[in-house]
Structures are given as C-alpha cells and as structure tokens.
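Each chain, written out:
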Amino acid sequence: MERGRGTGGAGRTLGRLLEAVLASRSQANAVFDILAALQSEDAEEVQEAVRICSRLFGALLERGELFVGRLPSEEAVMAGSQGAIHKYKVWMRHRYHSWCRRLGELLAHPSFQVQELALGTLMKFVQLEGSHPLEKPKWEGHYLFPQELFKLVVEGLLSLEEDRALLLSQLQNYLEYDDIRYHVMQAASVTVARVTDGQAEVPLAFWNNAFTLLSCVSLPRQEGGAPRFFVKHAELSDKWKVAHLKEHRKAFQLMWLRFLKHKLAQPTLLMDFLTSAYDVGGAISLLALNGLFILIHQHNLEYPDFYQKLYSLLEPSVFHVKYRARFFHLADLFLSSSHLPAYLVAAFAKRLARLALTAPPEALLMVLPFICNLLRRHPACRVLVHRPGGPELDADPYDPGEQDPAKSRALESSLWELQALQKHYHPEVSKAASVINQALCVPEVSIAPLLELTPYEVFERDLKKKVPEPVPLEFIPAVGLLGRREDLCAQYFSIS
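Residues numbered from 1 in each chain as written. Predicted model: local features only at pLDDT ≥ 70, side-chain atom pairs only at ≥ 80, totals over all residues. Heavy atoms only, no water.

Concerning the overall build of the chain
Here is step 1: Helix and strand content of the chain: 21 helices and 0 strands.
Here is step 2: In terms of C-alpha radius of gyration, the chain reaches 35 Å, well past the compact-globule figure of 23 Å for 496 residues.
Here is step 3: Along the longest, intermediate and shortest principal axes, the C-alpha atoms of the chain span 110 × 70 × 40 Å.
Here is step 4: Across the 496 residues of the chain, 43% fall into the buried class.
Here is step 5: Surface exposure of the chain reaches about 28,100 Å², of which carbon and sulfur atoms provide 54%.
Here is step 6: In the chain, 54 positive and 56 negative side-chain charges are present, and the distance between their average locations comes to 4 Å. (Helix = DSSP H or I, 4+ residues; strand = E, 2+ residues; numbered from the N terminus. Rg over C-alpha atoms; globule rule 2.2 N^0.38 Å. Buried < 20%, exposed > 50% of the residue type's maximum accessible area, 1.4 Å probe, protein only. Areas by Shrake-Rupley, 256 points an atom, 1.4 Å probe, with all protein chains shown as cover. Lys, Arg positive; Asp, Glu negative; His and termini not counted. Charge placed at Lys NZ, Arg CZ, Asp CG, Glu CD.)

Regarding the environment of P405
Here is step 1: Relative to the helices and strands, P405 resides in the loop between α17 (361-377) and α18 (416-421).
Here is step 2: Other than its neighbours up to four places away in sequence, P405 contacts Q308, Y311, Y343, L344 and A347. (Contact = heavy atoms within 4.5 Å.)

Here's the deal with the confidence of the model for the chain
Here is step 1: Per-residue pLDDT for the chain averages 85, and the proportion of residues at 70 or more is 93%.
Here is step 2: The least confident element of the chain, judged by mean pLDDT, is helix α21 (residues 488-492) at 71; the most confident is helix α16 (residues 342-356) at 93.
Here is step 3: In this model residues 1-5 is a low-confidence stretch, pLDDT under 50, and it forms 2 contacts with partners more than four residues away in sequence or in other chains. (pLDDT = per-residue confidence, 0-100.)

Thoughts on the nonpolar core
Here is step 1: In this structure, F57, M92, Y96, W99, M123, I180 and L213 are the most contacted members of the largest nonpolar core, which totals 78 residues.
Here is step 2: Among the elements that line this core, the one with the most residues is helix α3 (residues 43-63), at 10 residues.
Here is step 3: If we skip the residues at most four places from it in the chain, W99 touches L35, L38, V50, C53, S54, F57, T121 and F125.
Here is step 4: Grouped together as the second largest cluster of nonpolar side chains are 65 residues, Y311, L375, L384 and I447 included. (Core = buried A, V, L, I, M, F, W, Y, C linked by side-chain atoms within 4.5 Å.)

A look at the pattern of salt bridges
Two side chains with opposite charge may pair up if their charged atoms get near one another.
Here is step 1: Within this structure, the stated rule accounts for 20 salt bridges.
Here is step 2: For D462, the salt bridge goes to K465, with nearest N and O atoms at 3.8 Å.
Here is step 3: Among the ionic contacts, a cluster of salt bridges with common partners joins K350, R354, D396 and E417. (Salt bridge = Lys/Arg side-chain N within 4 Å of Asp/Glu carboxyl O.)

This is the structure:
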C-alpha cells in the first residue's frame, strides 16, 4: 500500500510538472524532472512517466512547439544569436529525441507491461509525428514518414540478447496498414544488414527475432483499391512507392534476401525448400530450378525424378514467362551430357517441337536451334528426322499427355513439326526449320544470343534488312478499285 501511495504521489507530482511546462515556457526545465522519472526502478512509476511524457510531447507536437527541419546542435544554437522562441523549439526538440531514445530502451525493460506500453507509445508518436512532420517536404506532395523514429521501434524489437516473440506479436496488429508494412520491411533489411555486416557469428536471439518479424509480414495477392495508411495524409499520391504493391514486393524480396544471405554459408540447408518449390509447378518451379542446379552441380544433391519434373515444365506458357531465358539456359546445361539416354533426349526434342507449333517467332528462333543442338549431341536421336517409313500424322505414337518421358514413345515418332514450320510465315523461322533438310554439322549453334530475343528486336531486324534490288511493280497504274480502264468489271460497274 505504501508503494501504491508513493506511486500515486509521484504521478500527481509529474502531473503538476506537466501542467507547468504546458502553461509557460519559462518552466521548460521541469522537463528534466519528468524525464528523470523514466529511469526509475519501479515499473509502475516508469509507466506513469511514459504516460505523462506522451501527453507532454503530444501537446507540443500539435501546438507546433518543436523545431521543424534538420536539427542543429543544441550547444551551437544556445550560444548563437537566434531568438528565444527558436532556441526553445530546438531545445525542446532535443528533449523529445531523448525521450524517444528512452522509449526504445524500454522495449528491453524486465516488465512486459512496460515493454508493451513503450511499443504502443512509440507507434502512437509515429502516427502523430506523421501528421505533424518534423522535417520539411522537399517538394509539394513529397511523401513524409517518421523513419528515424520508426527505426527505433524495429531495432528495439530485433534484440541481440533476448527473445522478443511476445512483443513482436503486438506489432503484427499494425502490419495491416500498407505504410507500416512497407517501412517494417525496409527497416528490417537495414537492421539485418547492419548487424550481420562483417560478423562471423551473430547471436541466435537476433536470428529468432528477425525470423519472427519477417514471418509476420504477408503481402496481398493483388492491388486492392485505395491503400490503407496508419499515418494520415491530407492527400494521397500515385507517385508514392508505398502505395504500390510492386514496390512492396521488391522490399519483401530484399528483406528475405538480406536475412538469408548471412545464413547461407551452408547452401545445403535449402535442399528441402528448393525441392518442395520445384514440385509446385509453374513459375515457382522455374525460379527454384536455378538453385537446384547449384546444389546438384556443386553440392552433390541427388534428385531422382529431376528430368521428369523438368520435362513437365515444358508447357506453352514457358515461352511467355519473363524467366524464359534463364529456363532455357539451364535446360541446355542439363541436356548437354552425352550420357543421357536417347529416349530422354528424344522426349525433350519432341515436346519442344510440338510446343513450337504455337510458339511466337522470337521463341521459335531460339527453340529450333535448341532442338537441332540436341540432335547434334545425340546421334541416336537423328532417327527422328530420318524415318521414311514412319507412321502417318494421324497415327503419331508420341503421347503429349504423358508426364513420364520414358513412356511418351517419342523415339518411335518423328519431328514432322519441324517440316511443318518450314512453311512458317516468318522467313527467319522457315530458314531455321529448314536446317534439318541438310546434314547437321558437328559444331553446335550457340543459343545464348537468342535467349533474350524480343518481338521488338525481331521487328527492328526485319525493318533494317536491305532489299537487293527494287521490287517489280505493275507498269500500268490501276484506276480506282475496279482495276484497269478496259476491264469488263470497270465497264459495267462503278462505285458511287
């Protein structure tokens, strides 16, 4: 009871000091007494001091009594010749910074109630300082967010000594706001990079806290109307990065890469993750393919059904994804071994030839040399282009729906698709498909320059072609839409 009365008396004292500071600038030195209460060993007194400081600096922010702009040195301003009001605002801004730093320290207080109050108060002032910025906008409509204050929050949560899982669960309530989520990802990336830079060993508590924080962040699948901001703004702008899901995805990727970069001294830790991602299918499998290649090539990873899964990735969409160049580069490496069985290589060649029937020209100019290179590497597969007594098209033994290349019966078929592509409307495609009409030379054709080929480049290349001689035209000019003057059509019909 005596302790309760002591706490209550301290609260009344702090309340009187608060009223005095807000009533008159001449009582500004009383702020030191209020801030001193934050150093108390009694948790209840600390909580009361936090609440008093929150009321004090909240009122000062709203009244505009804190210096706005790049904060100068306190000693230089006090010794200068500026006016009293200017000195007061600079001085009070320094006291505000001292209080914010103390709040960041209280995130490590032994009492969870103090930690929770400090986190809530910091987030309250993130919102309040966002509404009453302490920095000047660089231009009209410039996006402002109290990043320095918010960095104190993230750095306090990513403790190197203690587990902050319980406190991090409190932060999760704020991650539904787009601006908080974006700046959490940015601040977490910077903090992880700072802590791990040049450090061989980082405390396990930090990694646990970082993983807990990163795991709390989830992105929406698609843009969902107007962004939802924790910090209120008079007007929103489409030019702000924080308002676009694309920028959130970039920050999300950077955050996880910074986290994984230090922990990947042993890349084999990602074996289970990459093999599971490779089994998902679609673009995720394409992205996992590069990591699997490194593990197979450099770390002796064994993946029994690797080629069967690679075969299943050959779908019409593979020509249209932005990872097409990387995929075919890796596929070329995986199929470069001369020890692969003929049935497997024949299945890949046949699958690509069938997909080529509906592929765009820029993809065909890369796929056709790819198929020819497979035939060059594996002479046993050349039977696919030299089968004079083969089955008719309507009796093609190849099964395109079979996911197992060993059961697709590709080696019993033929590459009639390449002969069909010799009639393609684009002359370059027709020329590339006609290569099989001649004996395939031993040196392979490099597909590296063709991997990144785009429709624009194909069109530009066609425009720059020089015609060897003038194109012959009709020597009698046509009159109207109905042909020459002596034509029967022109004599009996007219357009009126």
